[in-house]
Amino acid sequence: MSKSKSLAFVIAALSYSFFSLFSSPPKSHYHELFISTSFSDNASVALNLHTLTRRPHVAGTVANAEAAEYVRSVFTSSALKSHVVAYQVSLTYPVHRSLVLTPTDSAKPITFLLEQEKLGDNPYANEVMPTFHGYAKSGNVSGPVVYANYGRVEDFVRLKKDMGVNVSGAVVIARYGQIYRGDIVKNAYEAGAVGVVIYTDKRDYGGDEWFPASKWMPPSGVQVGTVYNGLGDPTTPGWASVDGCERLSDEAAELSGDVPLIPSLPVSAADAEVILKTVVGDVSDGDVYPVGPGPGVLNLSYIGETVIAKIENVIGVIEGEEEPDRYVILGNHRDAWTFGAVDPNSGTAVLMEIAQRLDKLQKRGWKPRRTIILCNWDAEEYGLIGSTEWVEENREMLSSRAVAYLNVDCAVSGPGFHASATPQLDELIKVAAQEVRDPDNATQTIYESWIGSSDSVVIRRLGGGGSDYASFVQHVGVPGVDMSFGRGYPVYHSMYDDFTWMEKFGDPMFQRHVAMASVLGLVALRLADEEIIPFNYTSYALELKKSAEDLENEKLGHSIDVSTLIKSIEDLSTAAKRINIEKEAVKGTLKVRELNDRLMMAERALTDRDGLSERPWYKHLIYGPSKYDDYGSKSFPGVDDAIDNANRVNTKASWENVQHQIWRVSRAIRHASLVLKGELI
């Protein structure tokens, strides 16, 4: 070998060694590190949760402001560029509550204490706010008692049509467990009731033993919560509650139809049993209570105070290196009705764990391709207020730049993985679940345990209004995810949802929190780092096909035609397959960017600027809440609303509106297909 060739060989070898030593590892290397045991920290998760849940922290209180500062300090120490976004919003707090039962048989009136028994050794139990409903109407009402089961529309129909019970002028007593409490109050009002008492039934939430001996709700436990049927500040519908903004009067807000028009109170199972037994008969046996009205009068008195209070969203940012104007957003709310160990601060602890792991990645040299934003929302419990105000203020930026929103609320309440999402994210969730160990069975991945469960790889949809994904998905059209371990828990929104409950029953070793941080964080990393955004719209087309078939099987008659809907879904399926093929061959920065824009914007095309009929804030025509249950998720909510109305009034115009709503959905799906194709007609 000549000297010149030898020298060239040496230079080439040295160059290879140099770049091998100093070039960055692939993104997948950092993703593996993120979910490794060396990066997770059970003790840190437990410490953060203990700190957050030390005191009750209702929105607008000093304790919640202190919790915000703690979250910000963790974000800042984790190398996130952190700031607080404050809003001035309308909130309500209890001033006076009373509930008195007067039997008509001359027995002595019964005055209920409306207190939760202080159990365990929580030193801040005295700071828990009196039980009430957020935004409940102030008033003093009296009437006979009528039991309305779960307070659903069908329960009131059964009372009237099947049992001949007149609810007009009565105080309704209903139990939690099936629909959103605000809809219970609304349904009772529409049936003619003058007031509502909602209780925690031992059949749904109780056991032979209760907290602190077991996980079940004590007989004195009360589920508090909001009864507002809207999203965001009621006095700034559709715009952000910034300083000096336009604001509706309380009277004008009431006319919106989202603020309750009759007073209500939450009560315990023990108090409810006294009411039911005294007024409508023996309730000790059987699954069906007598309905009343019974021989007695219930007086409900409530006075609430409405204030303009400061709320604080805490925002942390890691700027993307290559696409800083594309946002992957993770969010959780901080405010709680009481201590909030499950709801919401299990999610807050997960968000903080993700922040701390991302800091470790940055110290190893990782930088995200796209910007990652961590958001800790305020005033969610009153009506998703913090997230909604932020989305309304940043609507245009989010519409053009947000890749996805990943939500975690009640992150951990027990075993079993659950996920909800817009369908293009289904495959990404499954892949992430295959890479993280099940916290309750180390021999399996989360996905393997999920397959073997009764909820086998069921990914639910984000049509309900139960958490902070609602503004992103249903108002702007941002793809979304919500995840949890466990689904529902007995001490929900009571003073017993504290650190002791979590440590004893929810997650004794905090391994479920760690696993949730791994799977949610891994989904975020893939969205932020992969060159092609990992969306698969063939899943969306399949899901829409199922929904269209369900609609077709209803056999509505009245010349209702769903063929245009089915055709639009077929077109979406074709466009989804085509873009999947394009992904494999695309080259060049601009081509990649253009393809990613199509993947990102297709979800926006499923929104309509006019929104749902009578509910124009909700822009998404595929996923939205049921009109009669804000927690309920509906596919084609506008069509569902129109069918419900047509079944009630049965006029030619009402059935024509059903067809119109089907046309609207068909057009939106066709628009999404055109976006995926990326071609003008």
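Residues numbered from 1 in each chain as written. Predicted model: local features only at pLDDT ≥ 70, side-chain atom pairs only at ≥ 80, totals over all residues. Heavy atoms only, no water.

Participant: Give me the lowdown on the pattern of salt bridges, citing residues and values where you can.
Facilitator: The full count for this structure, using the stated rule, is 37 salt bridges. Residue Arg55 is joined to Glu127 by a salt bridge in which the shortest nitrogen-to-oxygen separation is 3.0 Å. With Arg55 in the loop between helix 3 (42-52) and helix 4 (62-77) and Glu127 in the loop between strand 2 (110-111) and strand 3 (133-134), this pair connects stretches of sequence that are 72 residues apart. Given a relative accessible area of 24%, Arg55 falls into the partly exposed group. Under the relative-accessibility criterion, Glu127 is labelled partly exposed at 38%. With a closest N to O distance of 2.8 Å, Asp426 and Arg461 form a salt bridge. Here Asp426, found in helix 14 (residues 426-433), pairs with Arg461, found in the loop between strand 17 (459-460) and helix 16 (469-476); they are 35 residues apart in sequence, far enough to count as distant. (Salt bridge = Lys/Arg side-chain N within 4 Å of Asp/Glu carboxyl O. Helix = DSSP H or I, 4+ residues; strand = E, 2+ residues; numbered from the N terminus. Buried < 20%, exposed > 50% of the residue type's maximum accessible area, 1.4 Å probe, protein only.)

Participant: Please give an account of a negative patch on the surface that cites residues and values.
Facilitator: Taken together, the side chains of Glu549, Asp550, Glu552, Glu554 and Asp561 present a region of like negative charge at the surface. Within the fold, Asp550 resides in helix 19 (residues 537-553). (Patch = residues over 30% accessible without salt bridge, like charges linked within 9 Å, V, L, I, M, F, W, Y side chains within 5 Å. Areas by Shrake-Rupley, 256 points an atom, 1.4 Å probe, with all protein chains shown as cover. Lys, Arg positive; Asp, Glu negative; His and termini not counted. Charge placed at Lys NZ, Arg CZ, Asp CG, Glu CD.)

Participant: Any chance you could break down the UniProt feature "domain: PA" (unreviewed entry) in the protein chain for me, citing the residues and the numbers?
Facilitator: Under the UniProt annotation, the feature "domain: PA" (unreviewed entry) is placed at residues 141-223. Taken end to end, residues 141-223 has its terminal C-alpha atoms 22 Å apart, with 30% of it in helix and 19% in strand. (UniProt positions renumbered as here; feature names shortened; annotations may be inferred.)

Participant: Now, about the side chain of Ser666: what can you tell me, with residues and values included?
Facilitator: Residue placement: Ser666 occurs in helix 23 (residues 652-677). Beyond its immediate sequence surroundings of up to four residues, Ser666 is in contact with Thr564, Leu565 and Ser568. (Contact = heavy atoms within 4.5 Å.)

Participant: Now, about the packing of helix 22 (residues 637-649) against helix 23: what can you tell me, with residues and values included?
Facilitator: With their axes 8 Å apart at the nearest point, helix 22 and helix 23 run at an angle of 170° to one another. Comparing their axes, helix 23 and helix 22 come out roughly antiparallel. From helix 22, Gly638, Val639, Ala642, Ile643, Asn645, Ala646, Asn647 and Val649 reach across to helix 23, where they touch Ser654, Trp655, Asn657, Val658, Gln661, Ile662 and Val665. Here the contact of helix 22 with helix 23 is composed, by residue class, of nine nonpolar, six polar and no charged. (Axes fitted to C-alpha atoms, helices over the stretch in contact; angles between N-to-C directions. Parallel < 35°, antiparallel > 145°, perpendicular 65-115°, else oblique. Nonpolar A, V, L, I, M, F, W, Y, C, P; charged D, E, K, R; others polar.)

Participant: Talk me through the pairing of strand 18 (residues 480-485); I want residue IDs and the actual numbers.
Facilitator: Successive residues of a regular strand alternate their side chains across the two faces of the sheet. With six of six residues buried, strand 18 is to be regarded as a mostly interior element. Burial along strand 18 is two-sided: Gly480, Asp482 and Ser484 facing one way and Val481, Met483 and Phe485 facing the other are all buried. When strand 14 (residues 417-421) meets strand 18, the two strands line up antiparallel, connected through five bridges. Residue pairing across strands places Ala421 opposite Val481, the latter belonging to strand 18. (Pairing = 2+ DSSP bridges.)

Participant: Describe the UniProt feature "domain: Peptidase M28" (unreviewed entry) in the protein chain, listing the residues and the values that go with them.
Facilitator: When the UniProt feature table is mapped onto this chain numbering, "domain: Peptidase M28" (unreviewed entry) sits at residues 313-500. Across residues 313-500, helical content stands at 34% and strand content at 30%; the span's end C-alpha atoms are separated by 27 Å.

Participant: Break down the packing of aromatic side chains for me, citing the residues and quoting the values.
Facilitator: One pass over the full model with this rule turns up 21 aromatic pairs. Measuring from ring centre to ring centre gives 4.8 Å for Trp337 and Tyr382, while their planes differ by 50°; the resulting arrangement is tilted. You can see Trp337 sitting in the loop between strand 11 (323-333) and helix 10 (345-363) and its partner Tyr382 sitting in helix 11 (residues 380-383), a full 45 residues away along the chain. With respect to burial, Trp337 and Tyr382 carry one shared label: buried. (Phe/Tyr/Trp six-rings, centres within 6.5 Å; stacked < 30°, edge-to-face > 60°.)

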